[in-house]
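Below, each chain spelled out in residue letters.
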Amino acid sequence: METGQQTSRAGGQTSKVQVMGIDAGGTMTDTFFVREDGRFVVGKAQSNPEDESLAIYNSSQDALAHWNRTVDDVYPELVTGVYSGTAMLNRVVQRKGLEVGLICNKGFEHVHSMGRAIQSYLGYALEERIHLNTHRYDEPLVPLSRTRGVTERTDVQGEIVVPLRENEVRQAVRELVDAGSKAIVISLLQSHKNATNERRARDICLEELDRLGAKIPVFASVDYYPSRKESHRTNTTVLEAYAAEPSRQTLKKVNDRFKKHGAKFDLRVMATHGGTISWKAKELARTIVSGPIGGVIGSKLLGEKLGYDNIACSDIGGTSFDMALITKGNFAIASDPDMARLVLSLPLVSMDSVGAGAGSFVRIDPYSGGIKLGPDSAGYRVGTCWPESGLDTVTVSDCHVVLGYLNPNNFLGGAIKLDVERARQHLKAQIADPLGLSVEDAAAGVIELLDLHLRDYLRATISGKGYSATDFVCFSYGGAGPVHTYGYTQGAGFRDVIIPAWAAGFSAFGCACADFEYRYDKSVDLALPQHASDTDKVAACAVLMDAWQELAAKVVEEFVINGFKPEDVMLRPGFRMQYMGQLNDLEIESPVAQARTEQDWDKMVEAFENTYGRVYSHSARSPELGFSVTGAIMRGYVATQKPVLPEDPDGGPNPAAEAKLGTRPFYRHHKWAEATIWKMEALKPGNRITGPAIIESDATTLVVPTGFEVRGCVPSFL
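As the structure is a prediction and not an experimental result, all values here were calculated from the model.

A. Summary view of the layout of surface pockets. By volume, the second largest pocket is sized at about 260 Å³. Residue-level mapping places the lining of the second largest pocket at the junction of two domains, with at least three residues from each of domain 1 (17-91 + 247-287) and domain 3 (516-638).

Here it is as structure tokens:
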């Protein structure tokens with residue numbers, strides 16, 4: 001294994017601080033500050049669901065204290081700040097969003113409540129999926145009592161076959177306002193093919209609301225997500241009203257706290273497609289999940305610096321284990337993902353998640369008598385080892401403390417004191433005694449079970465996509481990543497394992513690396529045979545160009561809202577293509593800035609076939625089926641300040657004497673051993689640490705058991 005070193009926590013201020021990344025997770029809130037000279041520092045604080053701005057403030061203070069500075073000194077210097085978090089997702093999961101009214105086609109009022117069949121078993125284990133009596137639908141975001149149908153019909157070719165009954169729209173608005181709606185969503189069939197009726201319904205809604213004196217927003221799906229698949233499009237537009245608008249207030253509160261302490265920048269937010277957008281953005285639902293995505297962006301940048309192009313990203317936090325694959329330097333984008341048991345029309349960095357983390361609750365299954373992990377978690381309350389947690393159910397963190405993995409006096413740099421004996425008593429009563437085990441063996445069994453679960457999940461995800469782990473380097477990060485790295489990577493077959501020294505704040509680091517980028521998508525329907533005529537190719541290019549121009553106007557509009565000039569925006573067109581008859585398409589960055597000629601079409605097909613051969617295999621390419629373009633994509637970005645990672649010289653294999661902190665008993669494989677304790681910030685590039693050892697920092701702990709060794713990367717990025 002390798003670990004990049006970090007020594008920037010010590011030492012004085014030598015240059016201004018320019019960039020700040022934030023990862024507001026369910027358990028901890030991490031901040032990542034970067035100076036002009038490339039040096040950085042990581043801070044950590046308990047998350048605060050009631051006031052995220054306060055948790056960010058506390059985490060900032062924790063980080064900047066290592067530079068002997070405060071937020072009042074640093075916030076005014078910052079050029080940019082990027083936020084990622086789970087507040088919006090939590091709002092959806094807990095069904096604590098805005099009261100939304102929905103206008104749809106008459107006769108289709110129940111469709112939103114019915115959802116797609118997959119929504120009844122998303123997140124279920126296989127054995128539960130195959131039994132219909134275990135399926136259930138979550139409560140719909142919009143109840144039937146606030147759903148109204150209106151008469152109109154646009155066919156699949158975009159022809160209006162039944163005009164919109166405008167009086168029905170006005171009546172629907174009045175009824176929805178009377179029903180207590182705080183926002184209105186409009187989603188009509190086939191509006192992505194012809195927006196006329198839906199936009200007219202939107203205008204009528206606004207007129208009627210103005211007449212009623214009701215100041216509530218209206219969201220037409222065609223203005224946000226003009227894509228096929230009505231359930232996906234409706235769910236995503238409803239999210240804009242239901243969760244994004246309330247979350248905007250949370251982000252405003254965070255932005256206001258920055259301003260209170262002298263910040264001059266406007267907060268940016270990590271978006272699902274891997275770029276960042278302003279908190280003022282029109283399509284804020286694109287930020288529904290952002291924390292884990294920051295880790296993928298950070299892995300891509302760090303992989304480029306270290307010379308790795310095939311990376312298995314693995315992020316272990318307090319509540320979940322998230323993984324993604326980077327192949328040939330690129331990560332995949334899913335166009336129709338699911339989130340919070342809802343199918344959506346959002347471009348999302350392809351990730352796989354399982355509800356298992358350091359804060360997961362540990363219980364004895366009453367039916368099998370075996371250990372059950374999660375899926376619920378203690379979140380920021382850590383475990384019973386924290387006397388002030390209010391918890392009485394054992395968590396994985398309790399096992400860490402009992403086994404000697406964590407220093408009970410140095411959790412969050414000593415901000416929280418953990419009680420080892422309290423954790424032992426709960427483990428004994430709830431796990432050890434019922435299983436007839438010692439407390440240590442019970443705790444070790446929990447850790448081994450979690451590591452096995454994560455390893456199997458990681459390996460199955462890689463092989464399920466047609467790859468071999470031997471072709472990948474694994475990046476292990478997240479607050480709990482270094483504690484479990486040895487366990488879930490052992491025997492997996494990776495070429496190597498990289499643990500960033502700033503693993504606890506790696507997602508925040510990734511946010512700071514991301515582009516300031518807006519993205520818009522639109523469904524299109526183009527199908528050409530392999531040997532299409534030049535005339536047909538030019539006609540297809542014209543359709544794609546029209547879509548690109550429409551999307552480019554939206555992208556530029558977003559940047560203008562944020563104070564940029566149109567000429568500041570750099571545009572990158574793209575498209576989604578598949579072989580005709582296939583079910584899944586691929587996202588391709590266009591090799592041409594404009595599509596006008598038959599040669600342009602041929603270049604786009606060539607780019608698709610090259611990507612298809614990389615994702616699957618060259619032998620799987622099937623040009624004889626013809627080519628289908630399913631979507632147009634337009635990205636726009638502006639230049640922003642990003643972290644510059646400097647290199648440090650090799651410090652040799654032997655760590656400095658001052659890096660050694662002492663020893664601590666460490667339990668593994670049914671016996672105690674004395675583990676050497678090292679201070680992470682005092683280690684240098686090239687240093688080698690052989691287990692049993694524990695490498696500590698304020699933000700995370702790296703466990704190195706007997707038989708394992710870590711070495712500092714050269715070059716080292718600080």
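Picking up where we left off.
B. Geometry of the packing of aromatic side chains. In the structure shown here, the tally under the stated rule is 25 aromatic pairs. Pairing Tyr-405 with Phe-666 gives two aromatic rings, centres 5.0 Å apart and planes at 20 degrees, and the pair type is stacked. A residue pair is termed long-range when its members are at least 10 positions apart, and Tyr-405 in the loop between helix H11 (396-403) and helix H12 (420-435) and Phe-666 in strand E31 (residues 660-668) qualify at 261 residues. Tyr-405 gets classed as buried once you look at its relative accessible area, which sits at 2%. Seen from their ring centres, Tyr-579 and Tyr-612 are 4.9 Å apart, and the 75 degrees between their planes marks the pair as edge-to-face. Placement of the pair is Tyr-579 in strand E27 (residues 570-579) and Tyr-612 in helix H17 (residues 598-615), with a sequence separation of 33 residues. The two residues Tyr-579 and Tyr-612 agree in class, both being buried. A network of ring pairs unites the aromatic residues Phe-32, Phe-40, Tyr-477, Phe-506 and Phe-509 as a single cluster.

C. Region of interest: the sheet that holds strand E34 (residues 693-696). Strand order in the open sheet formed by 4 strands is E31-E32-E34-E35, with mixed pairing between adjacent strands. A strand with exactly one partner marks an edge of an open sheet, and here the two such strands are E31 and strand E35 (701-704). On average, each strand axis in the sheet is tilted by 25 degrees relative to the strand beside it, whichever way the strands run.

D. Main features of unusual backbone geometry. Put simply, Gly-691 and Pro-692 share a cis peptide bond, and its omega is 5 degrees. Relative to the elements of secondary structure, Pro-692 occurs in the loop between strand E33 (688-690) and E34. At Asn-68, a residue that is not glycine, the phi angle is positive and equals roughly 55 degrees. Not every positive phi belongs to a glycine, and His-670 is a case in point at roughly 65 degrees. Within the secondary structure, His-670 sits in the loop between E31 and strand E32 (671-679). With relative accessibility at 65%, the residue His-670 sits in the exposed group.

E. Structural view of the sheet that holds strand E7 (residues 147-150). Reading across the sheet, the 4 strands line up as E7-E6-E10-E11 and stay open at both edges, with parallel pairing between neighbours. Whereas interior strands pair on both sides, the edge strands pair on one side only; in this sheet they are E7 and strand E11 (218-220). Neighbour-to-neighbour, the strand axes of this sheet turn through a mean angle of 20 degrees, independent of strand direction. Pairing of strand E6 (residues 100-105) with strand E10 (residues 183-186) involves 4 bridges; the strand directions are parallel. Counted as the bridge partner of Val-100 is Ala-183 from E10. Strand contacts of helix H9 (residues 230-260): E6, E10 and E11, with the helix running at about 155 degrees to E11, the strand carrying the most contacts.

F. How the structure looks around the packing of helix H1 (residues 52-64) against H9. Running from N to C, H1 and H9 cross one another at 40 degrees; their axes reach a closest spacing of 8 Å. Judged on the interaxial angle alone, H9 and H1 are oblique. At the point where H1 passes H9, the crossing takes the right-handed sense. Residue-level contacts link Glu-52, Ser-53, Leu-54, Ile-56 and Tyr-57 of H1 to Thr-250, Lys-253, Val-254, Arg-257 and Phe-258 of H9.

G. Just the domain arrangement of the protein chain, in detail. Assigned domains of the protein chain: these are domain 1 (17-91 + 247-287), domain 2 (96-234), domain 3 (516-638) and domain 4 (657-712). Its C-alpha centre places domain 2 at a distance of 29 Å from the equivalent point of domain 3. Taken residue by residue, the interface counts 7 residues in domain 2 and 7 residues in domain 3. Between domain 2 and domain 3, the buried area comes to about 620 Å², and carbon and sulfur atoms account for 29% of it. It is His-192, Pro-226 and Arg-228 in domain 2 that bury the most area against domain 3; as a group they hold 65% of the surface buried on that side.

H. Spatial organisation of helix H15 (residues 506-513). Among the 8 residues that make up H15, 8 are buried, leaving the element largely enclosed by the rest of the structure. Among all positions in H15, only Phe-506, Ser-507, Ala-508, Phe-509, Gly-510, Cys-511, Ala-512 and Cys-513 are buried.

I. Summary view of the environment of Arg-424. Within the secondary structure, Arg-424 sits in helix H12. Measuring from C-alpha to C-alpha, the distance between Arg-424 and Arg-95 comes to 36 Å, with 329 residues separating the pair along the chain. Ignoring sequence-local partners within four residues, the contact set of Arg-424 consists of Val-402, Val-439 and Glu-440.

What counts, and where the lines are drawn
- Residues numbered from 1 in each chain as written.
- Predicted model: local features only at pLDDT ≥ 70, side-chain atom pairs only at ≥ 80, totals over all residues.
- Heavy atoms only, no water.
- 1 Å grid on protein atoms, 1.4 Å probe; cavity = no way out; pocket = protein on both sides within 12 Å on 5 of 7 lines; lining within 4 Å.
- Points joined across faces, edges and corners; volume = space filled by probe spheres on them.
- Domains from an automatic or database assignment.
- Phe/Tyr/Trp six-rings, centres within 6.5 Å; stacked < 30°, edge-to-face > 60°.
- Helix = DSSP H or I, 4+ residues; strand = E, 2+ residues; numbered from the N terminus.
- Buried < 20%, exposed > 50% of the residue type's maximum accessible area, 1.4 Å probe, protein only.
- Pairing = 2+ DSSP bridges.
- Axes fitted to C-alpha atoms, helices over the stretch in contact; angles between N-to-C directions.
- Contact = heavy atoms within 4.5 Å.
- Parallel < 35°, antiparallel > 145°, perpendicular 65-115°, else oblique.
- Left-handed = near helix turned anticlockwise from the far one by under 90°.
- Buried area = accessible area lost by both parts, 1.4 Å probe.

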